[in-house]
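Remarks on the overall topology
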Amino acid sequence: MQTYDFIIVGSGSAGSVVAERLSASGRFSVLVLEAGGSDRRFYVQMPLGYGKTFFDPAVNWNYKTEPDPGLAGNVDHWPRGRLLGGSSSINAMVWIRGAREDFDDWAAAGNPGWGFDDLLPVFKALEDNQAGADQWRGVGGPLHITDCSTAVHPLTKRYLAAANQAGLPFNPDFNGAFQEGAGTYQITTKNGRRMSAARAFLRPAMKRKNLRVEINALATRILFEGKRAVGIEYLQNGETKTALAGREIILSGGSINSPQLLQLSGVGPSALLGTLGIAVFHANENVGANLQDHVGINYTFRGRLPTLNQILRPWWGKLMVGMQYMLMRSGPL
Ligand SMILES: Cc1cc2nc3c(=O)[nH]c(=O)nc-3n(C[C@H](O)[C@H](O)[C@H](O)COP(=O)(O)OP(=O)(O)OC[C@H]3O[C@@H](n4cnc5c(N)ncnc54)[C@H](O)[C@@H]3O)c2cc1C
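Each chain carries its own residue numbering, running from 1 in the direction its sequence is written. Local features in this predicted model are restricted to residues whose pLDDT is 70 or higher, and side-chain atom pairs enter the listing and the counts only when it is 80 or higher, whereas totals over whole chains, interfaces and linings include all residues. Derived side-chain values reflect all non-hydrogen atoms in the structure, with water molecules and hydrogen atoms excluded from consideration.

1. Things to note about the domain arrangement of the chain
Split into domains, the chain comes out as domain 1 (1–92 + 195–297), domain 2 (94–187) and domain 3 (307–333). We call two residues in contact whenever any of their non-hydrogen atoms come within 4.5 Å of each other. Contact residues are listed per partner, giving 5 residues for domain 1 and 5 residues for domain 2. Between domain 1 and domain 2, roughly 460 Å² of surface is buried when both sides are summed, and carbon and sulfur atoms account for 74% of that area. When the area that domain 1 buries against domain 2 is broken down by residue, the three leading residues are Ala 92, Met 195 and Phe 201, summing to 79%. By convention in these notes, a salt bridge is any Lys or Arg side-chain nitrogen within 4 Å of a carboxyl oxygen on Asp or Glu. Seen at the junction of domain 1 and domain 2, the total is 0 salt bridges. Distance and chemistry together define a polar contact, namely a pair of N or O atoms within 3.5 Å, with one atom able to donate a hydrogen and the other to accept it when in protein, and with adjacent residues in sequence counting only for side-chain atoms on both sides. Our enumeration of links across domain 1 and domain 2 arrives at 1 residue pair in polar contact (both at pLDDT 80 or more). Domain start and stop points were drawn from an automatic or database domain assignment. Once two parts are brought into contact, the accessible area they lose, counted with a 1.4 Å probe and summed over both, makes up the buried area.

2. Notes on the site of the ligand
In these notes, residues near a molecule or strand are those with any non-hydrogen atom within 4 Å of it. By nearness alone, 32 residues border the ligand, and Ser 13, Ala 14, Glu 34, Ser 87 and Ala 219 come closest of all. Interatomic distance of 3.2 Å between a backbone N/O atom of Leu 83 and an oxygen atom of the ligand. Residue burial considers only the protein chains on display, and all accessible areas are found by Shrake-Rupley using a 1.4 Å probe. Here the ligand, which alone exposes 1,000 Å², has 80% of that area covered by the protein. Think of it this way: any DSSP run of H or I at least four residues long counts as a helix, any run of E at least two long counts as a strand, and we number them from the N terminus. Contributing elements (two or more residues each) for the shell around the ligand: α1 (13–23), β11 (217–225) and α8 (254–264). Looking at the shell around the ligand, the element that brings in the most residues is β11, giving 3 residues. Residues are grouped as follows: Ala, Val, Leu, Ile, Met, Phe, Trp, Tyr, Cys and Pro are nonpolar; Asp, Glu, Lys and Arg are charged; all remaining types, including Gly, are polar. Its residues placed into classes, the shell around the ligand shows 15 nonpolar, 14 polar and 3 charged.

3. Digging into α8
Residues of α8 that are buried: Asn 257, Ser 258, Pro 259, Leu 261 and Gln 263. Buried residues in α8 make contact with β1 (2–9), β3 (63–64), β11, β13 (239–251), β14 (267–268) and α9 (270–275). Just downstream of α8 lies Gly 266, where phi reads positive at about 90°. Here the term buried applies to any residue with accessible area under 20% of the maximum for its type, exposed to any over 50%, and partly exposed to those in between, with areas from a 1.4 Å probe on protein chains only.

4. What about the sheet that holds strand β10 (residues 211–214)?
Paired strands, in this sense, are two strands between which DSSP finds at least two bridges. Strand order in the open sheet formed by 6 strands is β10-β2-β1-β13-β12-β11, and the pairing between neighbours is mixed. Among the strands making up the open sheet, the edge pair consists of β10 and β11. Ignoring strand direction, the axes of neighbouring strands in this sheet form an average angle of 40°. Relative to β10, strand β2 (residues 30–33) is paired through 4 bridges, and the arrangement is parallel. Paired with Val 32 across the bridge in β10 is Val 213. For helices, the fitted axis covers only the stretch in contact; all axes are lines through C-alpha atoms, and the angles between them, taken along N-to-C directions, range from 0 to 180 degrees.

5. Some details on the sheet that holds strand β7 (residues 186–187)
Taken in spatial order, the 3 strands make up an open sheet running β5-β6-β7, and their pairing is mixed. In the strand order of this sheet, the two ends are held by β5 (127–129) and β7, each with one partner. Here 2 bridges tie strand β6 (residues 143–147) to β7, and the two strands are oriented antiparallel to one another. Paired with Asp 147 across the bridge in β7 is Gln 186.

In structure tokens form, the structure reads like this:
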């Protein structure tokens, strides 16, 4: 049994940043438990590889919802990353902050320090923005952001012009003064490779002696002493192991798995835990409730200009685009 100052469950967007911050001073020992494996995979590193990882069980929890009355009874696919970097290793890399109004609502609900103006210096400090620094944007931070507005498909420019005609103003920077309008996304990549939270935060921190990362380590239960969380039981290579935390345990398993781990540990709605045969340790109706999803809709049109689909369909198209990526780290991939 090992003892650490901090145990972090999950190495995703949140876990990677927290692991970097907690280990930075060198004063604390930190353990990260990650259920998935390494992020050193071609389709993780190559940005457009996310089309492949979207359903790949080797790196994805591949959740399915219950049939959803709001979606005419359909079952939805909910991908979540299961590897170093978590969902930031399989996501679409769009770099867009939350809306000012949402953060300000959090602050107004009694959470000082969470308003947009409080957070802006943190947002800026995270960034190494290719487009440069200004009142809203940062450079020199750990997370590189690529401006791809000059590299878009010709149809994108037509789309933006059409949006403008329809009354949606062109917005040159969704992370600038306001979010409304139509524009091109900035993306988290650097030199043609995905810039996941693992690449930006966790991997540099893994060089420190006081940070240990265990992969293929599935946390199964939080251990309590009285009402205090003191350890984690986890499963690794078929073996049940235990790690203890002298200071704190941080759950960063994502919006589905963190409440699941709490529920498995007896923290959650009593009626639900009762039906699952889990002894209630601390009743709380909110654990596993109140999740808000947002549904995205794709429109598909037939175009007269060749689109990526046409370029990538024939083998020579794949070869050309593949060579452009391998030799120049540029192009659609
Ligand atoms: C396909 C896809 C596309 C997306 N596109 C974008 C986008 O373009 N822009 C954007 O801003 N956001 C996007 N997102 C959302 C964004 O990636 C997530 O909101 C964010 O990564 C969540 O961070 P997190 O730390 O909460 O969880 P995650 O990053 O999911 O990390 C959770 C980690 O915990 C691990 N874990 C879970 N349970 C356990 C356990 N019991 N024991 C040990 N480890 C465990 C998981 O394996 C995972 O590695 C996308 C997400 C997906 C899946």
